[in-house]
Amino acid sequence: MMFNTGSSLLDAVVLAVVSAEKDGTYGYKITQDVRTVLDVSESSLYPVLRRLQTGGLLETYDKECNGRNRRYYKTTDSGAQELKSYKQDWTAYVQKINTILGE
């Protein structure tokens, strides 16, 4: 069974994936890492990355890879704070759901 993925959950997962890499990570790798936990298309993740960047939660830089520039995403201090908040909210949410489901 699949549960609906809201934008907040997707934002939290993307921030977690990006923050796991000290020097940041690039779009394709982010997509692959997110797909290990959520069923999302690559085309739906790039708008999320842009939204998080516009919101000041991610920053970007370009780095050459095999003769081409690759865009890297890195969590800002604000992004790290937002991720911390998402983690707290998620823990509280899971506890409430587990209570209802009898876990």
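Summary of the structure given here.

## Digging into the side chain of Thr31
So, point 1. Counting through the fold element by element, Thr31 comes out in helix 2 (residues 27–35).
So, point 2. Note on Thr31: relative accessible area 1%, which makes it buried.
So, point 3. Setting aside residues up to four positions removed in sequence, Thr31 forms contacts with Glu42 and Leu45.

## A word on the sheet that holds strand 2 (residues 58–65)
Backbone hydrogen bonds are what pair the strands of a sheet, in a parallel or an antiparallel way.
So, point 1. On the basis of which strands lie adjacent, the open sheet formed by three strands has the order 1-3-2 and antiparallel pairing. Bordering the open sheet on either side are strand 1 (25–26) and strand 2, each of which pairs with just one other strand.
So, point 2. For strand 2 and strand 3 (residues 68–75), the ladder comprises eight bridges, and the chain directions are antiparallel. In the sheet register, Glu64 faces strand 3, and the bridge partner there is Asn69.

Calculation notes
- Residues numbered from 1 in each chain as written.
- Predicted model: local features only at pLDDT ≥ 70, side-chain atom pairs only at ≥ 80, totals over all residues.
- Heavy atoms only, no water.
- Helix = DSSP H or I, 4+ residues; strand = E, 2+ residues; numbered from the N terminus.
- Buried < 20%, exposed > 50% of the residue type's maximum accessible area, 1.4 Å probe, protein only.
- Contact = heavy atoms within 4.5 Å.
- Pairing = 2+ DSSP bridges.

All we've got here are geometric facts, nothing functional implied.
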